[in-house]
Amino acid sequence: MWWWGAVAGAAPDPYGFGDGSDNQRTVGVAVEQEWSQPHPLLTADARAGDRAVTVASTAGFQRDDLVLVHRTRIDGERPDADDVVPLSLSGAVSRWELVRLTEDPSGQTLTFARELVAAAPLGTQVVRVPEYTTVAIDGVVKAPPWSAATGGGIVAFVARSVRIDGTLSAAAAGLAGGADVVGGNESDCPELHQSTVAFGGAKGGGVLLPAPTEAFGRGNVANGGGGGNCHNRRPVRSPARDK
C-alpha cells in the first residue's frame, strides 16, 4: 500500500507481496500508533546505474531489507512565481522504484542488489518497506508526519491478508504550510521572493525545493504557496498638506 501518486521505475518485479520477514502486525482496539519506518533523505545525487546511495542516516536498515526509493521533491525547472500554469510532474516528482539491500549499511551508504533504473536527485527519500505475513488494524494507524524533507506516506508489503476495521490515516501528514515566523519592521518590499524573514513570511512546502533566495515572500514555488510580504509604508504628509 502506498499513498503517494507515483510513476514507477520500469524494472522487473521479483518481490511479489514480500517475503513475510517482518511477521505479522496487529493494532488493537483503542490503540493509536504511528506507522514508523526509516525514511532518510539522500545527501548526494544518485545516477541511473548506481548500486549505492548516501543517506542522512542508515539507522534501522540491514541486509536483505526491501526499500522504496521515492523522488518526493526535486530541485528542477519551475514556472515563474506569478504564473498560473500546469505543472508537469511526469517522470520527475513521485517517481519510485523498489530495490533490496545486498549488505549491511556501511557508514552512511546503502548498497543495492541491482542498479537503479532512474536517477535519484536530492529530495529523494529511501524508505524501508516492512514485509508482513498479515496485517490487522482495529485501532488507529497514522502516517509519519512530513518533516520538511521526509515522511508523509505509508508503505508495506503483505504476503497473506490485510484486515482494516479501524483507521489508516495520512491526514495532515503531507507537505506543510509555511512556518510561523516573526518578521522585522521593514517596509516597501514588493518582490515575489525574499531571502530573509525580515522581508516576508515563510513559504509553504511544495514538490520543488526552494532556493535559499526563495524561502520567504509572497511568491509561490510551483505548488508551494507564498508567505506574504512586509507591510506597506505609511505615507508621510508634510505639515503644509496636513493643513
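Residues numbered from 1 in each chain as written. Predicted model: local features only at pLDDT ≥ 70, side-chain atom pairs only at ≥ 80, totals over all residues. Heavy atoms only, no water.

Novice: Give me the overall build of the chain: which residues, what numbers.
Specialist: Across its full length, the chain holds one helix and twelve strands. The order of α-helices and β-strands along the chain, N terminus first, is β-β-β-β-β-β-β-β-β-β-β-β-α. Residues counted as buried form 38% of the 243 residues belonging to the chain. Residue pairs at least 24 apart in sequence account for 74% of intrachain contacts in the chain once pairs closer than 6 positions are excluded. About 13,000 Å² of surface is accessible on the chain, with carbon and sulfur atoms providing 50% of the total. (Helix = DSSP H or I, 4+ residues; strand = E, 2+ residues; numbered from the N terminus. Buried < 20%, exposed > 50% of the residue type's maximum accessible area, 1.4 Å probe, protein only. Contact = heavy atoms within 4.5 Å. Areas by Shrake-Rupley, 256 points an atom, 1.4 Å probe, with all protein chains shown as cover.)

Novice: So what's going on with the packing of aromatic side chains? Residues and values would help.
Specialist: This model, assessed by the stated rule, comprises one aromatic pair. A ring pair is formed by W35 and Y132, whose centres lie 6.0 Å apart and whose planes are at 90°; its orientation type is edge-to-face. Of this pair, W35 sits in the loop between β3 (32–34) and β4 (52–54) while Y132 sits in strand β9 (residues 131–137); the two residues are 97 residues apart in sequence, bridging distant segments of the chain. For the cation-ring pair, R25 lies above W35, with the distance from its terminal atom to the ring centre recorded as 4.3 Å. (Phe/Tyr/Trp six-rings, centres within 6.5 Å; stacked < 30°, edge-to-face > 60°. Lys NZ or Arg CZ within 6 Å of the ring centre and 35° of its normal.)

Novice: Before we move on, can you summarise the environment of R71 with the specific residues and values?
Specialist: Here R71 shows up in strand β5 (residues 66–71). Judged by its relative accessible area of 13%, R71 is buried. The spatial distance from the C-alpha of R71 to the C-alpha of V207 is 9.5 Å, given a sequence separation of 136 residues. Of the polar contacts made by the side chain of R71, one reaches the backbone oxygen of A119; its length is 3.2 Å. (Polar contact = N/O pair within 3.5 Å; in protein donor to acceptor, adjacent residues only side chain to side chain.)

Novice: Tell me about the confidence of the model for the chain, residues and numbers included.
Specialist: With 80% of its residues at a pLDDT of 70 or more, the chain has an overall mean of 81. For residues 1–9, every residue scores under 50 in pLDDT, and the model assigns this stretch 31 contacts once sequence neighbours within four places are set aside. When the criterion is pLDDT under 50, residues 233–243 qualifies, and its contacts beyond four places in sequence or with other chains add up to three contacts. (pLDDT = per-residue confidence, 0-100.)

Novice: Mind laying out the sheet that holds strand β2 (residues 25–27), listing which residues take part and the relevant values?
Specialist: The three strands are arranged β2-β9-β11 in an open sheet whose pairing can be described as parallel. Strands with a single pairing partner mark the edges of an open sheet, and in this sheet they are β2 and β11 (157–164). Taking the axes of each pair of neighbouring strands and ignoring which way they run, one obtains an average angle of 10° across the sheet. (Pairing = 2+ DSSP bridges. Axes fitted to C-alpha atoms, helices over the stretch in contact; angles between N-to-C directions.)

Novice: Which residues make up the sheet that holds strand β10 (residues 140–142), and what are the values?
Specialist: Strand order in this open sheet of three strands is β3-β10-β12, and the pairing throughout is parallel. Across the chains shown, the open sheet's two edge strands, defined by having one partner strand only, are β3 and β12 (167–169). Between one strand axis and the next, the sheet turns through 15° on average, direction left out of account. Pairing between β10 and β12: three bridges, direction parallel. Directly across from K142, in β12, lies its bridge partner S169.

Novice: Describe the pairing of β5, and please don't skip the residues or the numbers.
Specialist: Burial analysis of β5 places six of its six residues in the buried class, the great majority of the element. Alternating residues of β5 divide into L66, L68 and H70 and V67, V69 and R71, and every residue in both groups is buried. Across five bridges, β5 lies against strand β6 (residues 95–100) in antiparallel orientation. Opposite L66, over in β6, you have R100 as the bridge partner. With six bridges connecting them, β5 and strand β8 (residues 124–129) associate as antiparallel partners. In the strand pairing of β8, H70 is matched with Q125.

Novice: Please give an account of the pattern of salt bridges that cites residues and values.
Specialist: If you walk through the whole model with that rule in mind, you get nine salt bridges. A salt bridge links R100 to D19, with the shortest nitrogen-to-oxygen separation between them at 3.9 Å. Pair noted here: R100 is in strand β6 and D19 is in the loop between β1 (7–8) and β2, with a separation of 81 residues, a long-range link. A salt bridge links D65 to R128, with the shortest nitrogen-to-oxygen separation between them at 3.1 Å. Of this pair, D65 sits in the loop between β4 and β5 while R128 sits in strand β8, placing them 63 residues apart in sequence. (Salt bridge = Lys/Arg side-chain N within 4 Å of Asp/Glu carboxyl O.)

Novice: Requested: an account of the nonpolar core, with residues and values cited.
Specialist: Formed by 14 residues in total, the largest nonpolar core has its most connected members in L42, V53, V67, L110, F112, L116 and V126. Leaving out residues up to four positions away in the same chain, V53 has contacts with L42, A46, Q108, T109, L110, F112, L116 and V126. With twelve residues, the next largest nonpolar core counts V27, V141, A143 and A173 among its residues. (Core = buried A, V, L, I, M, F, W, Y, C linked by side-chain atoms within 4.5 Å.)

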